[in-house]
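Read off the chains here:
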Amino acid sequence: MLVYEETSVVSEIDSAELAQRVAVLKRFKTLLTQQRDRFRSYLDLLDKQQDVIESGSADDLLSYVELEEKIVADIFSIQKVIDPLEEMYNSIYSHKIDAGRPDEVPNLKASLDILKGEAVMRSTKNKELLSIRMMELRSEITALRNNPYVLSNKRSSFGSTNTSSLVDLQG
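Per chain, the residues get numbers from 1 upward, laid out in the order the sequence is written. Per-residue local features are limited, in this predicted model, to residues with pLDDT of at least 70; the limit for side-chain atom pairs, both in listing and counting, is 80 or more; totals at the level of whole chains, interfaces and linings are taken over all residues. Side-chain figures throughout are based on the complete set of non-hydrogen atoms in the structure, without hydrogens or water.

Peer 1: When you look at the overall build of the protein chain in this model, what are you seeing that I'm missing?
Peer 2: Within the protein chain one finds three helices and two strands. Helical segments are the DSSP runs of H or I of at least four residues, strand segments are the runs of E of at least two, and each set is numbered from the N terminus. Sequence-ordered secondary structure for the protein chain, helices as α and strands as β, is β-β-α-α-α. The rule is simple: take the accessible area with a 1.4 Å probe, protein chains only, and divide by the maximum for that residue type; under 20% is buried, over 50% is exposed, in between is partly exposed. Counting every position in the protein chain, which comprises 171 residues, the buried fraction comes to 24%. Of the contacts formed within the protein chain by residues at least 6 apart in sequence, a portion of 71% connects residues at least 24 apart. Using the Shrake-Rupley algorithm and a 1.4 Å probe, accessible areas are obtained, with residue cover drawn only from the displayed protein chains. In the structure as shown, the protein chain presents an accessible area of about 12600 Å², 55% of it carried by carbon and sulfur atoms. Contacts are assigned to residue pairs that have any heavy atoms within 4.5 Å of one another.

Peer 1: Honestly, the packing of helix α2 (residues 58–92) against helix α3 (residues 104–146) in this entry has me stumped. Any pointers?
Peer 2: For any two helices packed against each other, one specifies the crossing angle of their axes together with the interaxial distance. Comment: axis = line fitted to C-alpha atoms, over the contacting stretch for helices; angle = value between 0 and 180 degrees taken between N-to-C directions. Taken N-terminus to C-terminus, the directions of α2 and α3 make an angle of 150°; their axes are 13 Å apart at the nearest point. For the element pair α2 / α3, the angle class is roughly antiparallel. For the pair α2 and α3, the crossing hand works out as left-handed. Between α2 and α3, the residues in contact are L61, E68, Q79, E86 and Y89 and V105, P106, K109, K116, S123 and L130, respectively. In the contact of α2 with α3, the residues fall into five nonpolar, two polar and four charged. Angular relationships are summarised with four words: roughly parallel below 35 degrees, roughly antiparallel beyond 145, roughly perpendicular across 65 to 115, and oblique for the angles in between. If you view the pair so one helix is near and one far, a crossing is left-handed when the near helix is turned anticlockwise from the far one by less than a right angle, and right-handed when it is turned clockwise. Residues are grouped as follows: Ala, Val, Leu, Ile, Met, Phe, Trp, Tyr, Cys and Pro are nonpolar; Asp, Glu, Lys and Arg are charged; all remaining types, including Gly, are polar.

Peer 1: Got a minute to help me understand the packing of helix α1 (residues 15–55) against α3 in this structure?
Peer 2: It is the contact of α1 with α3, at a shortest axis distance of 9 Å, that shows an interaxial angle of 20°. In this view, α1 runs roughly parallel relative to α3, as classed from their interaxial angle. Pair α1 / α3 crosses with left-handed handedness. Its residues assigned to classes, the contact of α1 with α3 comprises 15 nonpolar, seven polar and twelve charged.

Peer 1: Would you mind going over the nonpolar core with me for this structure?
Peer 2: Looking at soluble globular proteins, one finds that nonpolar side chains tend to be buried together. Nine residue types can take part in a nonpolar core, namely buried Ala, Val, Leu, Ile, Met, Phe, Trp, Tyr and Cys, and a core is a set of them joined through side-chain atoms within 4.5 Å. In this structure, F28, L32, F39, Y42, I82, Y89 and V105 are the most contacted members of the largest nonpolar core, which totals 23 residues. Those elements that place two or more of their residues in this core are α1, α2 and α3. The element that contributes the greatest number of residues to this core is α1, accounting for ten residues. Once residues within four sequence positions are removed from consideration, Y42 is found in contact with E68, I71, V72, I75, A119 and S123.

Peer 1: Sorry, what's going on with the side chain of N126 here?
Peer 2: Inspection of the secondary structure puts N126 in helix α3. In this view, N126 contacts L46, Q49, Q50 and I53; residues no more than four positions away in its chain are not counted.

Peer 1: Would you mind going over the pattern of salt bridges with me for this structure?
Peer 2: Pairing between side chains of opposite charge can happen when their charged atoms approach one another. Put simply, a salt bridge is a Lys or Arg side-chain nitrogen that is within 4 Å of an Asp or Glu carboxyl oxygen. Applying the stated rule across the entire model yields five salt bridges. E86 is the salt-bridge partner of K109, the closest N and O atoms lying 2.9 Å from each other. Residue K109 is located in helix α3, and its partner E86 is located in helix α2; the two are separated by 23 residues in the primary sequence. On the accessibility criterion, K109 (25% relative accessible area) is partly exposed. With relative accessibility at 19%, the residue E86 sits in the buried group. The closest approach of N and O atoms between E136 and R133, which form a salt bridge, is 3.3 Å. Placement of the pair is E136 and R133 together in helix α3, with a separation of three residues, close to one helical turn. Taken together, the salt bridges that share partners define one network made up of D47, E118 and R122.

What follows is the structure, given as structure tokens:
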């Protein structure tokens, strides 16, 4: 059994409370690890997406954007579970002098915060790259529209539909 001091009063934790603490801790650690893994995969995706933005393949970019939406939705759904669990964890381990408070949770949270910051930076960079690429494409489209040598929906003066197709050569 774990023993902790609270204002110089020593109390023991019963087995039910200990089991609850262990269960909360295990679930919380598992979710933090899953969230960290999701952010790592998101960072990998952002790197690949950057390459696709720079190469200009629209179909590939669309598939990466769809995959990105799924990963971000997954991150948010896990976060919805983490938030209440973190409150439970903090309420259980709210005592400053607690011999049973694990060290790995703060480490997981710190690495998760670093990954979140990195994801925000890379996502912002990709948005800027995409914005620049879109401006380039708009310029190209405008240049093509203004080019008189590029065929458009305009009809040629030689191919008017109002003239006859047969010519009388006799007379």
